[in-house]
Every structure is written in structure tokens, then in C-alpha cells.
Amino acid sequence: MKKRVGVLALQGDVREHSRAIQQSGAVSVSVKRQEDLASIDALIIPGGESTTIGKLLRIFELLDPLKKSISEGLPVFGTCAGMILLAKDVIDGSHGQETIGTMDITVRRNAFGRQVDSFEKSLDLSNIGAGSLTAVFIRAPWIEKQGSNVQALASVESGNESHRESHVVLARQDRQLAASFHPEILEGQRYEVHEYFIREVAS
Amino acid sequence: MSEVTGTSRVKRGMAEMLKGGVIMDVVNAEQAKIAEDAGAVAVMALERVPADIRAQGGVARMSDPSMIEEIQRAVSIPVMAKARIGHFAEAQILQVLGVDYIDESEVLTPADYENHIDKWNFTVPFVCGATNLGEALRRINEGAAMIRSKGEAGTGDVSNATTHIRKITGEIRRLTSMREDELYVAAKELQAPYALVKEVAETGKLPVVLFTAGGIATPADASMMMQLGADGVFIGSGIFKSGNPAERASACVKATTFFDDPKVVAQVSRGLGDAMVGINVSDIPVPHRLAERGW
């Protein structure tokens, strides 16, 4: 039977993730309320504005149920804002920014800069058994620190010629996967990160 | 491959991330913080909200850079700012300031009555207004990475926003029902490039995100625009010209997310205090209507 993969549909690029889920052979389900969590095998937290999604999670009483479900093993994949929302700690968050906080990572928000610094770049995904993909980074976060139980799967370098630093942009902790970039907004190719999530992380 | 900035994917992608959200006009850091706390996905930094531009008259221009920077320092969400139609030097300044999106806006006094800004020349993405599909596609052809349907800004009267979002989505639906050999004439009639017309006919949507703006003042207005096919809403004067901006801002955010659930919209509509008083668009003489600027 096809897996039912939810997309948290409070705000953000929900439609793109739904398309990627369907093209990866699963059924896409919109998740807006607590009861929607009961019928899904896995969940994607989309790109969007992390402060907005975080507030709506709290207001519509989804934050604690999500924490519970993910802690109990609901497979979850967060992209960009979704990565921030999974992070235990956020650097440069808004005042009092709340997250689900189930993943043992410290994320720097808007780490690569403002929108004029947003970029795309070819990224090697051999660690997840995929080829390279054009990764699109939009006001993107990076993982500044991770716990020993978190596996770094892809990195990019930033900085100037005299000082280059490497930053983790794709990581997995058991049944949780987080990406700084947006594999969902590419068109006309396979969604290999979604396939990996559905096949491996949510197996 | 090294990093490439300012690509169409990066510019249009930024707007995709704003979908389902509310972008609010703010004139200072304090308002920007209220907007962020209420759950706005971005703020539009400007010196005067449209209602005041309308009341005070005179030439409306790009905001003072220090005022924009003050707002950038105050919040962590994206900051947008307005340039006059065709005023590419204002846009160059806004790009240097690092604003996240430029609104080439009819709310300001136009600087060029023939040409819009050549937006392909910029790394920063642009949003432009449109009253119909042809206008939207002309702006996209010039490099706009996001479209907002125009309403009559600064009025609190939602009727023009309704007209224009219906017009744009209606014209899109019409294209999807046409035979392929009819699209050439459709492009001629829309005064838009054939390639974009064909793309819209095939996909049934604009190639960029479509928000709506102008006259939205209540959670119900936001819900209606979303139900009519908008990807999100801009609220200008409607929030900070109302009795209780923080409550109203938060209510509009919730109503935009749960636009299709009248119970939620009813719940958040309670006890918001006075909405902006507003002006009926029909009482504004035609030469003073902002939505008609743009060509």
C-alpha cells in the first residue's frame, strides 16, 4: 500500500512538496489540525516563514502533539523553515521563537544572508545514494552544531577566499531528516531527497 | 559549480515561501515588531501607508534608507520596500540596502509613464501589481518574480481587489479552455508575449506566485481573497489604521491559513475593535485611483 505522507499546511510551499510526494510514489495529505496526524505515515514540514509557522503551531494546538508524535517515531522531513522548526536550538531567531525541537541540532537562521545572497549550487548527494542536485538556498539556515546521534549528509562552503567554512545543510537523526535547501521547488526531474525520505528514513 | 545568486528559481522561490501568508505595511520599527509577533511572513517598509498618502497628497516616493534600515534591524522576517514605477535608480538603492523584495508600486507616484523597471538587471526579486492577466504577464516578461493583483489601496474597500483577482483568475481559466491555434490571438488581445500565454494555458496558473492587495481590512476579506485563488495577501492601511492593530494582524494571519474554515474565521473576527473607517472607491474621482496606474 502507498505511504501517506502529510505536509504541514499552515503556511509555505505546501503545493511543491505535495507534487514531490506524489511523484515519489506516495499519497500526499494536507495536515492542518491535530486529528490529521492520526492518518499519516510520515510528515513534511515545508519551506516558509519559520516564525509564522511556529506561532500557528502554538495557536492551533499542534506544537505539543507534533512533539509527541515525532518523539514516538513519526518520520519527519523539514526543509528550510522546516529545519528551523525541528531544531532544538536556534541562533538569530525572533524574540522567544518556539520550535518543535525534536532534533539535536543548533541551526543558524538566515545564515547565508538576506535574499540578495540567496543562491543555487550543485550539491553532491552521494551520501543518500543520489546523484548531484541543484540545491536552492533561500534566506537559508545552516546547521551550526549537531549532537553525536546526528549524521551529516551534505555540506556547502561559505566565506571569502582567505577564510572558507564548511556548513552542514542536510542531516539525519534516526527518523528525522532536515535540509537547508529546497529540493521540492525543482521541476522536471526526480525528487531524490523525497524518495530517500520515503524509502529510507520513513521505512 | 559555484554559487549563483539572482536566478529566476531563487527569486520566484522566495515568493513560494511566502504563500499562505500575510505581508503587512509598516512605517516604523515598533509596527514591524507587532507585525512579526502577529505572524506576518514579511513586512513592507514605507513612510506613509496608502491611506495617508491619499489623505496628504503630494508626490509619494521611495522611503528614507535609514527608516528602512531601522525596520531591517528590528525584525528577522523578510523586509520589502517600494520603488516608484519605472524608477530604476530607487530600485538600485533598495538593492544596495539589502531589502528582500522590491515592490514596483502604483501606490507611489509613477516615475515613468511608459516603461516599467527592467527587473532582469537586478539580483533582488520584484513584485508588481496587475489588474488583469495581460498586465501580469507583461510584468513577468520584464522580470517580476511575484504578482499581486491590485485593489484600490488605502481605502479599506475590498471591491477592486475582488474585481482584479477574479479578472486574472478568470482570464487564466479562459486560456486553459482554448485550442492551441487560438492562443496566438489570445496573446495579441492580452498584449502579452505568446510564450507566457502558452505556458499559462498549459499549466493553468501564472508562472509566479499571485498575491492580492488593496483594500483588505478584515479577516473575512483575507479569507475571501484566498478562496478566490490568491496565494496570500498584502494588508496595507487595514491593520495600523484600525482600533487594535496587534489583534487584527493576528486575526488576519489566522484567517489566511484557515481561509476555507468559516468557523475559524468567525472565531478570529470577534472583538477586534474598529476596522479602518475607509473610503468607498466609487467616491474617489477616477484620476485619483491608484489601481489604474501601470501600463
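Scroll up to find the structure this text is about.
Since this is a predicted model, take the numbers as computed values, not measurements. (Residues numbered from 1 in each chain as written. Chains lettered and ligands numbered in written order. Predicted model: local features only at pLDDT ≥ 70, side-chain atom pairs only at ≥ 80, totals over all residues. Heavy atoms only, no water.)

Trainee: Any details on the interface of chain A and chain B? Residues and values, ideally.
Mentor: Each partner contributes to the interface: chain A provides 40 residues, whereas chain B provides 44 residues. The largest share of the area that chain A buries against chain B comes from Q115, V116 and E120 of chain A, three residues that together contribute 19% of it. A salt bridge links R139 of chain A to D100 of chain B, with the nearest nitrogen and oxygen atoms 2.9 Å apart. The interface formed by chain A and chain B contains 20 residue pairs in polar contact (both at pLDDT 80 or more). Broken down by element, the residue count for the side of chain A that touches chain B peaks at five residues, all from helix α2 (residues 50–59) of chain A. Classifying every residue of the side of chain A that touches chain B by side-chain character gives 11 nonpolar, 13 polar and 16 charged. In this structure, strand β7 (residues 119–124) of chain A lies alongside strand β1 (residues 4–5) of chain B, joined through two bridges in antiparallel fashion. Considered in β1 of chain B, the bridge of F119 of chain A is made with T5 of chain B. (Contact = heavy atoms within 4.5 Å. Buried area = accessible area lost by both parts, 1.4 Å probe. Salt bridge = Lys/Arg side-chain N within 4 Å of Asp/Glu carboxyl O. Polar contact = N/O pair within 3.5 Å; in protein donor to acceptor, adjacent residues only side chain to side chain. Helix = DSSP H or I, 4+ residues; strand = E, 2+ residues; numbered from the N terminus. Nonpolar A, V, L, I, M, F, W, Y, C, P; charged D, E, K, R; others polar. Pairing = 2+ DSSP bridges.)

Trainee: Go over the layout of surface pockets with me, naming the residues and quoting the values.
Mentor: Size it by volume and the largest pocket reaches roughly 460 Å³. R19 and E187 of chain A together with E16, K205 and P207 of chain B are the residues nearest the centre of the largest pocket, which is lined by 16 residues in total. Listed by contribution, the elements that provide at least two residues to the lining of the largest pocket are α1 (14–23) of chain A together with α1 (8–16) and α9 (194–203) of chain B. Among the elements that make up the lining of the largest pocket, the one with the highest residue count is α1 of chain B (five residues). The residue makeup of the lining of the largest pocket, split by class, is four nonpolar, three polar and nine charged. The calculated volume of the second largest pocket comes to roughly 380 Å³. Lining the second largest pocket are 18 residues; nearest its centre among them are V14 and R15 of chain A together with G20, M226 and F259 of chain B. The set of elements that each furnish at least two residues to the lining of the second largest pocket consists of α1 of chain A together with α12 (245–257) of chain B. (1 Å grid on protein atoms, 1.4 Å probe; cavity = no way out; pocket = protein on both sides within 12 Å on 5 of 7 lines; lining within 4 Å. Points joined across faces, edges and corners; volume = space filled by probe spheres on them.)

Trainee: Residue-level account of the sheet that holds β1 of chain B, with values.
Mentor: Two orientations exist for strands paired in a sheet by backbone hydrogen bonds: parallel and antiparallel. With antiparallel pairing, the three strands of this open sheet are ordered in space as β8(A)-β7(A)-β1(B). Every other strand in the sheet has two partners, leaving β8 (132–137) of chain A together with β1 of chain B as the edge strands with one partner each. Relative to β8 of chain A, β7 of chain A runs antiparallel, the two being bridged by six bridges. Counted as the bridge partner of E120 of chain A is V136 of chain A from β8 of chain A.

Trainee: Residues and numbers for unusual backbone geometry, please.
Mentor: You will see that N110 of chain A, though not glycine, has its phi angle at about 45 degrees, which is positive. Within the secondary structure, N110 of chain A sits in the loop between β6 (103–108) and β7. Classification of N110 of chain A by relative accessible area gives partly exposed; the value is 23%. Positive phi, normally seen in glycine, also occurs at Q191 of chain B, with a value near 55 degrees. The topology assignment puts Q191 of chain B in the loop between α8 (183–190) and α9. (Buried < 20%, exposed > 50% of the residue type's maximum accessible area, 1.4 Å probe, protein only.)

Trainee: Kindly report on the packing of aromatic side chains, identifying the contributing residues and their values.
Mentor: The tally for this structure, following the rule as stated, stands at 11 aromatic pairs over all chains. Ring plane angle 10 degrees and centroid distance 4.6 Å describe the contact between Y184 of chain B and Y194 of chain B, whose orientation is recorded as stacked. With a gap of 10 residues between them, Y184 of chain B in helix α8 and Y194 of chain B in helix α9 connect regions that are remote in the sequence. On the accessibility criterion, Y194 of chain B (26% relative accessible area) is partly exposed. In textbook terms, an aromatic cluster arises when at least three aromatic residues are bridged by ring pairs, as seen for F112, F119, F137, W142 and F181 of chain A. (Phe/Tyr/Trp six-rings, centres within 6.5 Å; stacked < 30°, edge-to-face > 60°.)

Trainee: Hey, could you go over α1 of chain B for me, with residue numbers and the actual values?
Mentor: Among the residues of α1 of chain B, V10, K11, G13, M14, A15 and E16 of chain B are the ones counted as buried. In the core, the buried residues of α1 of chain B are packed alongside α1, β7 and β8 of chain A together with β5 (101–105), β7 (146–149) and β8 (209–212) of chain B.

The values are spatial; any link to function lies outside them.
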